[in-house]
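# Examination of the molecular architecture
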Amino acid sequence: MPCSLDEIAHRLAGISGVEVRRDVPLAPFNAYRIGGPARILVAPRKIEAVGHVLAQVRECGQPLMILGGGTNILFSDR
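Bear in mind that the values here come from a model prediction, so they are computed numbers and not experimental data.

Criteria and cut-off values
Residues numbered from 1 in each chain as written. Predicted model: local features only at pLDDT ≥ 70, side-chain atom pairs only at ≥ 80, totals over all residues. Heavy atoms only, no water. Patch = residues over 30% accessible without salt bridge, like charges linked within 9 Å, V, L, I, M, F, W, Y side chains within 5 Å. Areas by Shrake-Rupley, 256 points an atom, 1.4 Å probe, with all protein chains shown as cover. Salt bridge = Lys/Arg side-chain N within 4 Å of Asp/Glu carboxyl O. Helix = DSSP H or I, 4+ residues; strand = E, 2+ residues; numbered from the N terminus. Buried < 20%, exposed > 50% of the residue type's maximum accessible area, 1.4 Å probe, protein only. Axes fitted to C-alpha atoms, helices over the stretch in contact; angles between N-to-C directions. Parallel < 35°, antiparallel > 145°, perpendicular 65-115°, else oblique. Left-handed = near helix turned anticlockwise from the far one by under 90°. Contact = heavy atoms within 4.5 Å. Arc of directions from axis to C-beta. Polar contact = N/O pair within 3.5 Å; in protein donor to acceptor, adjacent residues only side chain to side chain.

### What about a nonpolar patch on the surface?
On the surface, a cluster of nonpolar side chains totalling about 330 Å² of accessible area is made up of Tyr32, Ile34 and Leu74. Topologically, Tyr32 is positioned in the loop between β1 (18-25) and β2 (37-44). For Tyr32, a relative accessible area of 52% puts it in the exposed group.

### Some words on the packing of helix α1 (residues 5-13) against helix α2 (residues 47-60)
Running from N to C, α1 and α2 point in directions that differ by 160 degrees, and their axes come no closer than 10 Å. Considering their axes alone, α1 and α2 lie roughly antiparallel with respect to each other. Between α1 and α2 lies a crossing whose hand is right-handed. Residues Ile8, Arg11 and Leu12 of α1 pack against Val53, Gln56, Val57, Glu59 and Cys60 of α2.

### Focus on α1
For α1, the complete set of buried residues consists of Ile8, Ala9 and Leu12. Buried residues along α1 cover an arc of 100 degrees about the axis, so they all sit on one side. Exposed side of α1, more than 90 degrees from the buried face: Asp6 and His10 are the residues found there. Where α1 is buried, its residues meet β1, β2 and α2.

### Examining the side chain of Asn30
Mapping Asn30 onto the fold places it in the loop between β1 and β2. Overall, the relative accessible area of 1% leaves Asn30 in the buried class. Looking at Asn30, its side chain comes within polar contact range of the main-chain oxygen of Leu26, at 3.2 Å. With near-sequence residues (within four places) excluded, Asn30 lies in contact with Gly70, Ile73 and Phe75.

See the structure below:
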């Protein structure tokens, strides 16, 4: 059974060098400046943290999307 969003956010916030934010509008993260909120936005600030984030997300069975520069993507307003 997948972890709840609260549980995965708590787990990720416990990783050193990781910023976790809830309900973040995605418009500022893409070239078209459109898009509704991400339930959880995770920003690893250290390269070492990326592997820990991936392991926690995989363990919790939550979907993951890695966002680069945001130039080739459209986010739904929902």
